[in-house]
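Letter by letter, the chains look like this.
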Amino acid sequence: MTDETIRDVLTRRGLSRRAFLQVCASVTAALALSPAEAADMTKRLETAERPTVIYLSYQECTGCLESLTRSFSPGIASLIFNDISLAYNDTLQAAAGQAAETAKDTAMKNAWGKYVLVVDGSVPLAQNGAYCAVAGRSAVSDLKRAAGGAAAVVAVGTCAAFGGLPYAAPNPTGAVPVSEIVRDRPVINISGCPPIAEVITGVILYYTTFGVPALDHLHRPMNFYGNTIHDRCYRRPFYDRGMFAKTFDDEGARQGWCLFELGCKGPITHNACPTTKWNGGTSYPIESGHPCLGCSEPGFWDKGGFYKALSTPTGHWSRTGVVSGAVAAGVAAGLSTAAVARARQGRAQKKAASADSEPKNPTS
Ligand code: FSX
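Residues numbered from 1 in each chain as written. Predicted model: local features only at pLDDT ≥ 70, side-chain atom pairs only at ≥ 80, totals over all residues. Heavy atoms only, no water.

A short note on the overall build of the protein
And step 1. Secondary structure assignment for the protein yields 16 helices and nine strands.
And step 2. In the protein, of all internal contacts separated by at least 6 residues, the share reaching a separation of at least 24 is 75%.
And step 3. Counting only carbon and sulfur atoms, one obtains 55% of the accessible surface of the protein, whose full area is about 15700 Å². (Helix = DSSP H or I, 4+ residues; strand = E, 2+ residues; numbered from the N terminus. Contact = heavy atoms within 4.5 Å. Areas by Shrake-Rupley, 256 points an atom, 1.4 Å probe, with all protein chains shown as cover.)

Shown next, in the form of C-alpha cells:
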C-alpha cells in the first residue's frame, strides 16, 4: 500500500479518464452490480489507495495464471497486475533467485498487514511438506509466513480453494486447500480449473474498493458463484421438457438439447460460465457442445466420471467437514433434479412416441 491512489497511478501511466470509466464499466458489469453500486465502485476506485498484491504458487499446473494472462479484458488485468501493484509473482516476474526473494520480502515488509495475498495451488503436508518448496522453505511454511502479513487471502483456482487435482485420490502429497492452513484471516475462494479471468480480476477490484464480498458456504463470492450453471443454462428449456442428447453426435446433440445424460454437472456446479463466459464472452463449454465437468466444486476429480450422468459420488473428498457438507447437499440436489429430469424424460418419450414431429427425440 502506498500513498498513491489508483487514479494517481493510472494518470501517471497515461490512462485517460474515458478509458478508466470503460474499465470500471466492464468490472461492474461482470460483478452484476446495480447502477448505484456501480457508480459507488467507480468513485471508490478513483480514490482508493493503491494496494499491494503478492501472488504465490504451489502445487498447480499454472492453468490459472494462463487463464488470467489470456484475459480478453486486458484493461482490467493490466489495471491490477501492471498498474495497481503486483509486487511478486514467481512465474511472471523477471527477477529470479535471491533478487526475487528480496523483492518479495521488501514488498511484504512495506505493506505488512495490508497486502492482498493471492495463492494458487494446493499445499502438501506429507513428508513435512517436502513435495513443494520455494527458496528452501516448504510451501506450508512459506504460506504461513506470507499470510501473517496479509489483510486477506484470495485462493485462486480449485487447487487452492478445495485441493483440486493434487488432492484427488490417492493424494500422495497430502495436499490441502489454503483454507486449511490460513485460519485467522479472510480467505476468498475463486474456484474453477481454471477460474474465469474476469472473475479473478473482478473479485480483487471489489475487495480493493468494498472489502470482502458476500460469500457462499464454501467462501466463494456470491456475485459469481451464487447460481448453478443449470440455473442460467440456455439449454435449460430442453431439460425441462425431458429432451436429452444421448451421444455427442446424435440428432439431439445437433439440435442443442440438454447434455445432462452425457454427464453434465451443471445442476450441482456454481460458477459464472453461462453469463461471463470465456474468451471475451465468446462461449463456454456447454455452448461448445461439451458437458460441464463441475470444475469449480470440491472433489470434482473424484466424483466418478466426467461423462457419467450424476449419481452417487465416490472418492475421498469428504475429508473436511465444510467440503463434505457442501458436496452432500450438492449431490442431494443433483440427484433430486436428476430424478425429476428422468420423470420428465419419461413423459416426453411417451409424448414423442405418439407424435410425428421433427426433430425426433433421440431418447425415444
Ligand atoms: Fe489447479 Fe491452477 Fe486447475 Fe491448474 O493455479 S485449478 S490444476 S487450471 O493451475 O491450480
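Section: the site of the ligand
And step 1. Near the ligand there are 13 residues, and of these Cys61, Gly63, Cys64, Cys159 and Cys193 occur at the shortest range.
And step 2. In this structure, cysteine 61 approaches the ligand through a main-chain N or O atom, which is 3.3 Å from an oxygen atom.
And step 3. Note that an oxygen atom of the ligand is positioned 2.8 Å from one of the backbone N or O atoms of glycine 63.
And step 4. Counting residues per element, the ones that place at least two in the shell around the ligand are helix 4 (63-69) and helix 9 (158-162).
And step 5. Taken together, the residues of the shell around the ligand sort by class into five nonpolar, six polar and two charged. (Near = heavy atom within 4 Å. Polar contact = N/O pair within 3.5 Å; in protein donor to acceptor, adjacent residues only side chain to side chain. Nonpolar A, V, L, I, M, F, W, Y, C, P; charged D, E, K, R; others polar.)

So, the layout of surface pockets
Space left empty within the atom packing is revealed by a probe, the size of a water molecule, rolled over the atoms.
And step 1. Reported here for the largest pocket is a volume of approximately 410 Å³.
And step 2. Lining the largest pocket we find 29 residues, and of these Pro194, Cys273, Trp278, Pro285 and Cys295 sit closest to its centre.
And step 3. A class-by-class count of the residues in the lining of the largest pocket yields 18 nonpolar, nine polar and two charged.
And step 4. Both domains that furnish three or more residues to the lining of the largest pocket are identified here as domain 1 (6-225) and domain 2 (227-364). (1 Å grid on protein atoms, 1.4 Å probe; cavity = no way out; pocket = protein on both sides within 12 Å on 5 of 7 lines; lining within 4 Å. Points joined across faces, edges and corners; volume = space filled by probe spheres on them. Domains from an automatic or database assignment.)

Remarks on the pattern of salt bridges
And step 1. Applying the stated criterion across every chain, the model contains 14 salt bridges.
And step 2. Between aspartate 184 and arginine 185 there is a salt bridge whose closest N-O contact spans 3.2 Å.
And step 3. Note on aspartate 184: relative accessible area 59%, which makes it exposed.
And step 4. When its relative accessible area of 23% is taken as the criterion, arginine 185 is described as partly exposed. (Salt bridge = Lys/Arg side-chain N within 4 Å of Asp/Glu carboxyl O. Buried < 20%, exposed > 50% of the residue type's maximum accessible area, 1.4 Å probe, protein only.)

Section: the sheet that holds strand 3 (residues 115-120)
And step 1. Spatially, 2-1-3-7-9 is the arrangement adopted by the five strands of the open sheet, whose pairing is parallel. Each having just a single partner strand, strand 2 (86-89) and strand 9 (187-190) make up the two edges of the open sheet. Between one strand axis and the next, the sheet turns by 20° as a mean value, whatever way the strands run.
And step 2. Bridge analysis of strand 1 (residues 53-57) against strand 3 gives five bridges, and the strand direction is parallel. (Pairing = 2+ DSSP bridges. Axes fitted to C-alpha atoms, helices over the stretch in contact; angles between N-to-C directions.)

Some remarks on the nonpolar core
And step 1. Counting 47 residues, the largest nonpolar core has Met41, Val118, Val156, Ile190, Val199 and Ile286 as its most contacted members.
And step 2. A per-element tally of this core places helix 11 (residues 197-210) first, with eight residues.
And step 3. Counting contributing residues per domain, this core is built from domain 1 (6-225) and domain 2 (227-364), each supplying no fewer than three.
And step 4. Counting 28 residues, the second largest nonpolar core, distinct from the first, contains Ala111, Leu143, Ala147 and Val178. (Core = buried A, V, L, I, M, F, W, Y, C linked by side-chain atoms within 4.5 Å.)

Here we look at the packing of aromatic side chains
And step 1. Applying the stated criterion to the full structure yields eleven aromatic pairs.
And step 2. Their ring planes at 80° and their centres at 6.0 Å tell us that phenylalanine 248 and tyrosine 307 sit as a pair that is edge-to-face. Of this pair, phenylalanine 248 sits in the loop between helix 13 (236-240) and helix 14 (251-254) while tyrosine 307 sits in the loop between helix 15 (273-276) and helix 16 (321-354); the two residues are 59 residues apart in sequence, bridging distant segments of the chain.
And step 3. When the ring of phenylalanine 300 is compared with that of tryptophan 301, the centres are 4.8 Å apart and the planes differ by 40°; the resulting orientation is tilted.
And step 4. In this structure an aromatic cluster arises from ring pairing among Tyr239, Phe244 and Phe260.
And step 5. Cation over ring: lysine 104 sits above tyrosine 88, and NZ or CZ is 4.8 Å from the ring centre. (Phe/Tyr/Trp six-rings, centres within 6.5 Å; stacked < 30°, edge-to-face > 60°. Lys NZ or Arg CZ within 6 Å of the ring centre and 35° of its normal.)

Describing the environment of leucine 262
And step 1. Mapped onto the secondary structure, leucine 262 falls in the loop between helix 14 and helix 15.
And step 2. With 15 residues separating them along the chain, leucine 262 and threonine 247 place their C-alpha atoms 6.9 Å apart.
And step 3. Leave out the neighbours within four places in its chain, and leucine 262 touches Ala245, Lys246, Thr247, Phe248, Pro291, Phe306 and Tyr307.

Remarks on the packing of helix 3 (residues 35-47) against helix 11
And step 1. Helix 11 packs onto helix 3 with a crossing angle of 75° between their chain directions and a minimal axis gap of 9 Å. Classified by the angle their axes make, helix 3 and helix 11 are roughly perpendicular. For the pair formed by helix 3 and helix 11, the contact residues are Glu37, Asp40, Met41, Arg44 and Leu45 on the first element and Leu205, Tyr206, Thr209 and Phe210 on the second.
And step 2. Taken together, the residues that form the contact of helix 3 with helix 11 break down as five nonpolar, one polar and three charged. (Parallel < 35°, antiparallel > 145°, perpendicular 65-115°, else oblique.)

Considering the side chain of glutamate 101
And step 1. Mapping glutamate 101 onto the fold places it in helix 6 (residues 97-110).
And step 2. Only 3.4 Å separates the side chain of glutamate 101 from the side chain of arginine 137, close enough to count as a polar contact.
And step 3. With residues near it in sequence (within four places) discarded, glutamate 101 still touches Tyr88, Val134, Ala135 and Arg137.

Topic: helix 2 (residues 17-30)
And step 1. The end-to-end C-alpha separation of helix 2 is 20 Å, in line with the 20 Å expected for 14 residues at 1.5 Å each.
And step 2. Restricting attention to buried positions, one finds in helix 2 the residues Phe20, Val23, Cys24, Val27 and Thr28. In an axial view of helix 2, the angular spread of the buried residues amounts to 130°, which keeps them on one side of the axis. Exposed side of helix 2, more than 90 degrees from the buried face: Arg18 and Ala29 are the residues found there.
And step 3. At the C-terminal side of helix 2, alanine 32 shows a positive phi close to 55°. (Expected span 1.5 Å × (residues − 1). Arc of directions from axis to C-beta.)

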